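Architecture at a glance
As a plain string of letters, each chain reads:
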Amino acid sequence: MKWTIVLVCLLVVSSALLVSGCTKTQIPSKGDQGTQTPANGDQVDSAKTGNDQATSSEIADNSVSGWVDENEEVEIGEMI
Amino acid sequence: MKQLFGAGLIALLLISIFPAVVAVTGTEDSQTLSLVSSMEDKTGKEIRLMQLEKAITRNIVAGKVAIEKVKANDIDASELEVILTELEALRLEVKSINPEEEGAVETFVNIKNEAMELSKEFKEIAADLLAQDDITAIENEVNDNPELQEYKLRIKEKIQLKNKESVQKTFDSIGIKNEVLLAKIKNGGVTLAEVKNQIEEKTKGMTPKEKQAALVALKESGVKKDIAARAKMENAKLKVDERTAEKSAWLTKAAAKISDPSKKAKIQNLLDKKVKDKKELVEKEKKTKEKLDLKAKPKNKTGSTK
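In short, a report on the structure. (Residues numbered from 1 in each chain as written. Chains lettered and ligands numbered in written order. Predicted model: local features only at pLDDT ≥ 70, side-chain atom pairs only at ≥ 80, totals over all residues. Heavy atoms only, no water.)

Turning next to the overall build of chain B. The helix and strand tally for chain B stands at eleven helices and zero strands. Reading the helices (α) and strands (β) of chain B from amino to carboxyl end gives α-α-α-α-α-α-α-α-α-α-α. Considering chain B as a whole, with its 306 residues, one finds that 39% of them fall into the buried category. Here chain B displays about 18400 Å² of accessible surface, and carbon together with sulfur accounts for 55% of that area. (Helix = DSSP H or I, 4+ residues; strand = E, 2+ residues; numbered from the N terminus. Buried < 20%, exposed > 50% of the residue type's maximum accessible area, 1.4 Å probe, protein only. Areas by Shrake-Rupley, 256 points an atom, 1.4 Å probe, with all protein chains shown as cover.)

Looking now at unusual backbone geometry. Residue and element names in this part refer to chain B. Phi at D74 takes a positive value of approximately 60°, unusual for a residue other than glycine. Locating D74 in the fold gives a position in the loop between α2 (42–72) and α3 (78–96). The class of D74 is exposed, set by a relative accessible area of 75%.

All names here are of chain B. On inspection of all chains with the given rule, the structure shows 24 salt bridges over all chains. Residues E88 and R91 are paired through a salt bridge, measuring 3.1 Å at the closest nitrogen-oxygen approach. Taken as a pair, E88 and R91 lie in helix α3 at a separation of three residues, close to a single helical turn. In this pair, the class of E88 matches that of R91, namely buried. With its nearest N and O atoms 3.2 Å apart, the salt bridge here joins D277 to K273. Of this pair, D277 and K273 both sit in helix α11 (residues 261–305), four residues apart, which is roughly one turn of that helix. A single network of salt bridges, built from pairs that share partners, joins E40, D41, K162 and K225. (Salt bridge = Lys/Arg side-chain N within 4 Å of Asp/Glu carboxyl O.)

Another aspect to go through is the packing of helix α3 (residues 56–63) of chain A against helix α8 (residues 192–203) of chain B. The N-to-C vectors of α3(A) and α8(B) enclose an angle of 135°; their axes lie 8 Å apart at closest approach. Considered as vectors, α3(A) and α8(B) are oriented oblique to each other. Viewed along their axes, α3(A) and α8(B) form a crossing whose handedness is right-handed. On α8(B), the residues touching S56(A), S57(A), I59(A), A60(A), D61(A) and S63(A) of α3(A) are K196(B), I199(B), E200(B) and T203(B). (Axes fitted to C-alpha atoms, helices over the stretch in contact; angles between N-to-C directions. Parallel < 35°, antiparallel > 145°, perpendicular 65-115°, else oblique. Left-handed = near helix turned anticlockwise from the far one by under 90°. Contact = heavy atoms within 4.5 Å.)

This brings us to the layout of surface pockets. Residue and element names in this part refer to chain B. If you add up the space inside the largest pocket, you get close to 1500 Å³. What lines the largest pocket is a set of 40 residues, and nearest its centre among them are E114, E117, V240, D241 and K247. Listed by contribution, the elements that provide at least two residues to the lining of the largest pocket are α1 (2–37), α3, α4 (104–126), α9 (208–238), α10 (244–256) and α11. Among the elements that line the lining of the largest pocket, the one with the most residues is α11, at twelve residues. Residue composition of the lining of the largest pocket, by class: 13 nonpolar, six polar and 21 charged. (1 Å grid on protein atoms, 1.4 Å probe; cavity = no way out; pocket = protein on both sides within 12 Å on 5 of 7 lines; lining within 4 Å. Points joined across faces, edges and corners; volume = space filled by probe spheres on them. Nonpolar A, V, L, I, M, F, W, Y, C, P; charged D, E, K, R; others polar.)

With that out of the way, let us pick up the environment of N59(B). By the element assignment, N59(B) lies in helix α2. For N59(B), a relative accessible area of 1% gives the class buried. Leaving out residues up to four positions away in the same chain, N59(B) has contacts with I76(A), G77(A), E78(A), M79(A), L84(B), L87(B) and S119(B). Here R58(B) takes part through its side chain, which lies 3.4 Å from a polar atom of the side chain of N59(B). (Polar contact = N/O pair within 3.5 Å; in protein donor to acceptor, adjacent residues only side chain to side chain.)

On to the packing of aromatic side chains. Applying the stated criterion across every chain yields a total of zero aromatic pairs over all chains. Taking NZ or CZ as reference, K253(B) lies 4.3 Å from the ring centre of W250(B), over its face. (Phe/Tyr/Trp six-rings, centres within 6.5 Å; stacked < 30°, edge-to-face > 60°. Lys NZ or Arg CZ within 6 Å of the ring centre and 35° of its normal.)

By themselves these figures say nothing about function.
Shown next, in the form of structure tokens:
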């Protein structure tokens, strides 16, 4: 009986770990929707029309989504 | 009861390992997805293919020096030479890819994965055979290699061209004109932050309605790009088995580059054996999967009739 209780407790803990391990908690980075800081010139527009309104900063972020970083490499791992 | 407890512990261990495996695979996939996302046009494909060619070349350069060091210690390096020949075959194949050909991206994904596996295999074998001095000598050889430096310059130029094309496409879609900025991007004389600032300045004159329309258009294009990249990754997985014949042809070409006839014959034999062993393993896995599927089928039928 004692062993069964221990086992059940361990299973509950590991299930909780499994769920937390498989769930991605994404921290919004700069450029993600919802984290935009409107540029000075945009503040009037946003205030007038509510949060749904697009800002120049959002447009700029989305405009450069195809930008390739010069330092980015194709990684295949080292040989040594 | 102790047996039950033991079984429970094993189950717990497996459950704990699962998220870690998922996390590692997920990271590798997301790296490749990011690379594939930029392969939307000819220049993007050229960049990634050239970068893959450079990465394989770097490992071949390192591998050659490592083999010399191993041989200098009177140790048989045949196993390492076989892996190096396989990498050479992948390099020949990457070089032959026409970026505009259908399936170029899928081939890129599969070659990248195969090159990763081979590099890992080489590293595992070489780790026990090389001293710290050898490793330093190999790193120096890689850093000073003129071929790799040349790749770096060619890739840099292509990236600048790609960034110019990409920003130009965006400008066209949202109605901005700025030839000076585009020229600067092509010459590498501007940073990403500066480009964003310029776009911000240009869009400030837009009405809220125009801004909204521009943002929707950009986001739509981003989503389409992401979906296309994911589809290519899935297609690549389906094409893994189809590559056997192609790979064999490239291996023969790579082995043909070995000048010493006795070494060539030895490597070719070892390669044939490795290919045969792999084929047998795949067949075995396939049969096991089929058996498992057959066992699962009656259950499905019962489930569907309910």
